[in-house]
Amino acid sequence: MRDRIARAWTGLEIIRFNALRMLDGVAAGAPGPEASIGKIYWATWHRELGELAMDARGAAGMLAAGEPYDLDDWQRLFLFSRSDTIYAGSNEIQRDIIAERVLGLPKESRQ
């Protein structure tokens, strides 16, 4: 558990540094690849943070406080973080954007 908490903190620092890089790009006129990279990294980090929260809570994390679904903040974090990898473009779409626009790889065939 201690290692996972340390990884969560380290991941948050990586997100902060990437955001600073992204702000430099915006100040220069256009956001660079940091925006897509940051979206993928943040969505994955946030999902893992929700999983960490539920694991730290143990079995009590699976119980709602009341009827019908009175969830606490940690339970909402866990459930909401699932959508982070979908909205604003799924992680797969973001990877395609990075591959095509940043790395210059050919477009994936859409069959």
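In what follows, the structure referred to is the one given above.
Keep in mind that what you see is a predicted model, and the values were worked out from it rather than measured.

**Q** Explain helix α4 (residues 91-102) to me, please; I cannot follow it from the model alone.
**A** What sets the pattern is the α-helix's 3.6 residues per turn: residues three or four places apart point alike. The terminal C-alpha atoms of α4, which comprises 12 residues, lie 15 Å apart, in line with the 16 Å expected from a rise of 1.5 Å per residue. Considered for burial, the residues of α4 that qualify are Asn 91, Gln 94, Ile 98 and Ala 99. Projected down its long axis, α4 carries its buried residues within an arc of 135°, all on one side. Of the residues in α4, the exposed ones pointing more than 90 degrees away from the buried face are Glu 92 and Arg 101.

**Q** Is there a simple way to explain the packing of aromatic side chains in this structure?
**A** The relative placement of two aromatic rings is captured by the distance of their centres and the angle of their planes. Counting across every chain of the model gives 0 aromatic pairs. Note that Arg 16 overlies the ring of Phe 17, its terminal NZ or CZ placed 4.7 Å from the centroid.

**Q** Would you mind showing me how to read the layout of surface pockets here?
**A** A probe matching the size of a water molecule, rolled over the atoms, marks out where space remains unfilled. Here the largest pocket defines a volume of roughly 240 Å³. Contributing to the lining of the largest pocket are Arg 4, Arg 7, Ala 8, Thr 10, Gly 11, Tyr 41, Thr 44, Trp 45, Glu 48, Leu 49, Glu 51 and Leu 52. Listing elements by their share of the lining of the largest pocket, those giving two or more residues are α1 (2-27) and α2 (34-57). Residue contributions to the lining of the largest pocket peak at 7 residues, all from α2. Taken together, the residues that form the lining of the largest pocket break down as 5 nonpolar, 3 polar and 4 charged. Volume-wise, the second largest pocket comes out at about 170 Å³. Lining the second largest pocket, in full, are Ile 14, Ile 15, Asn 18, Ala 19, Arg 21, Met 22, Ala 35, Ile 37, Gly 38, Lys 39, Tyr 41 and Trp 42. Mapped onto the lining of the second largest pocket, the elements with two or more residues apiece are α1 and α2.

**Q** I'm lost on the packing of α2 against helix α3 (residues 73-81) in this one. Help?
**A** Axis angle and axis distance: for two packed helices, these are the angle between their axes and the distance between the axes, and together they describe the pair. Put simply, α2 and α3 touch, their axes get as near as 8 Å, and they point 145° apart. The interaxial crossing formed by α2 with α3 has left-handed handedness. Contacts between α2 and α3 involve His 46, Arg 47, Leu 49, Gly 50, Glu 51, Ala 53, Met 54 and Arg 57 from the first element and Trp 74, Gln 75, Leu 77, Phe 78, Phe 80 and Ser 81 from the second. Residue composition of the contact of α2 with α3, grouped by class: 7 nonpolar, 4 polar and 3 charged.

Reading guide: rules and limits
Residues numbered from 1 in each chain as written. Predicted model: local features only at pLDDT ≥ 70, side-chain atom pairs only at ≥ 80, totals over all residues. Heavy atoms only, no water. Helix = DSSP H or I, 4+ residues; strand = E, 2+ residues; numbered from the N terminus. Expected span 1.5 Å × (residues − 1). Buried < 20%, exposed > 50% of the residue type's maximum accessible area, 1.4 Å probe, protein only. Arc of directions from axis to C-beta. Phe/Tyr/Trp six-rings, centres within 6.5 Å; stacked < 30°, edge-to-face > 60°. Lys NZ or Arg CZ within 6 Å of the ring centre and 35° of its normal. 1 Å grid on protein atoms, 1.4 Å probe; cavity = no way out; pocket = protein on both sides within 12 Å on 5 of 7 lines; lining within 4 Å. Points joined across faces, edges and corners; volume = space filled by probe spheres on them. Nonpolar A, V, L, I, M, F, W, Y, C, P; charged D, E, K, R; others polar. Axes fitted to C-alpha atoms, helices over the stretch in contact; angles between N-to-C directions. Left-handed = near helix turned anticlockwise from the far one by under 90°. Contact = heavy atoms within 4.5 Å.

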